[in-house]
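What follows is the residue order along each chain.
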Amino acid sequence: MTALQYSLVDRLIMTVDNGLRTVCGKPPISERPDPADSCEEVELSDAEQRLAAALMRVNHAGEVSAQALYQGQALTAKLPNVRDKMERAALEENDHLLWCERRISELGSHTSLLSPWWYSGSLVIGALAGLAGDQWSLGFIVETERQVIRHLDEHLARLPEKDAKSRTILEQMKEDEGHHATIALQAGGAPLPEPVKKLMALSSKVMTRTAYWL
Ligand SMILES: [Fe+2]
Ligand SMILES: [Fe+2]
């Protein structure tokens, strides 16, 4: 069965299934190897380990949100070819989700306790973006990915220099997010109005500040 044949009820059920898998840590299995596997584990001080874990928790929360944004858009985007693109991008985000989660547990910490909240809030935002029309929906992806890249750069600057495992994961994620942005742009994503961009940056700031601690 192709995505074109799914009814709204089918897609709703798939969205709920995906949400539970994302929040409970069992998203569909990804095919790419974890980039951190190529790096040696080094000993970090307690403070370095706490910092790295907190930053990776923020990144994991961001990936939970990205997953929900894509799923929300997939639910409401009008053109089937756009819906397919959203679903494929959401699948690719699963790699990031798994890599971050694994790294957080290696660093002796936990994912954000507010993951269900990040998922449900982002799902609604994604669904609204999908309703606004495909060019806006794709534009929303472009802007989201650009903001994520800026935020990954900030984390790369803050992570302990010797934490090669976390750094390698973020480098690969950055490359992937750039690719997602390019695909959405080429598919016809429109530039978003400045107030919308600012609102997106503000809500992401709330999430990143909170997930650092919780
Ligand atoms: Fe991602
Ligand atoms: Fe992405």
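Details of the structure are given in the entry above.
Residues numbered from 1 in each chain as written. Chains lettered and ligands numbered in written order. Predicted model: local features only at pLDDT ≥ 70, side-chain atom pairs only at ≥ 80, totals over all residues. Heavy atoms only, no water.

We now examine the overall build of the protein chain. Of regular secondary structure, the protein chain possesses seven helices and zero strands. Order of helices (α) and strands (β) in the protein chain, N terminus to C terminus: α-α-α-α-α-α-α. For the protein chain, with 214 residues in total, the buried portion stands at 47%. Surface summary for the protein chain: the accessible area is close to 10,900 Å², and the carbon and sulfur share equals 61%. (Helix = DSSP H or I, 4+ residues; strand = E, 2+ residues; numbered from the N terminus. Buried < 20%, exposed > 50% of the residue type's maximum accessible area, 1.4 Å probe, protein only. Areas by Shrake-Rupley, 256 points an atom, 1.4 Å probe, with all protein chains shown as cover.)

Turning our eyes to something else, we now look at the coordination of the iron ion (ligand 1). On the protein side, the iron ion (ligand 1) has Glu-63 (OE), Glu-63 (OE), Glu-93 (OE), His-96 (ND1) and Glu-177 (OE) as donor atoms, found 1.9 to 2.4 Å from it. Coordination of the iron ion (ligand 1) draws on donor residues from a single chain, spaced E-x29-E-x2-H-x80-E in sequence. The two metals, the iron ion (ligand 1) and the iron ion (ligand 2), are separated by 3.9 Å and share Glu-93 as a common coordinating residue. Pair noted here: Glu-63 is in helix H2 (residues 46-76) and Glu-93 is in helix H3 (residues 80-106), with a separation of 30 residues, a long-range link. By relative accessible area, Glu-93 is classed as buried at 0%. (Donors = N, O, S within 2.8 Å, 3.2 Å for Na, K, Ca; no water.)

Under the criterion given, the structure shown has 10 salt bridges. Between Arg-103 and Glu-106 there is a salt bridge, with the nearest N and O atoms lying 2.7 Å from each other. Of this pair, Arg-103 and Glu-106 are both found in helix H3, three residues apart, which corresponds to roughly one turn of the helix. Residue class for Arg-103 comes out buried when judged on its relative accessible area of 1%. (Salt bridge = Lys/Arg side-chain N within 4 Å of Asp/Glu carboxyl O.)

In this section: the coordination of the iron ion (ligand 2). Donor atoms from the polypeptide that bind the iron ion (ligand 2) are Glu-93 (OE), Glu-145 (OE), Glu-145 (OE), Glu-177 (OE) and His-180 (ND1), placed at 1.9 to 2.7 Å. Donor residues for the iron ion (ligand 2) sit on one chain with the sequence pattern E-x51-E-x31-E-x2-H. Since its relative accessible area comes to 2%, Glu-145 is described here as buried.

To continue, consider helix H4 (residues 115-131). Along its 17 residues, H4 runs 24 Å from first to last C-alpha, staying within 8% of the 24 Å computed at 1.5 Å per residue. Of all the residues in H4, the buried ones are Ser-115, Trp-118, Tyr-119, Ser-122, Gly-126, Ala-127, Ala-129 and Gly-130. One face of H4 carries all of its buried residues, which in axial projection span an arc of 155 degrees. More than 90 degrees from the buried face of H4, the exposed residues found are Trp-117, Leu-128 and Leu-131. (Expected span 1.5 Å × (residues − 1). Arc of directions from axis to C-beta.)

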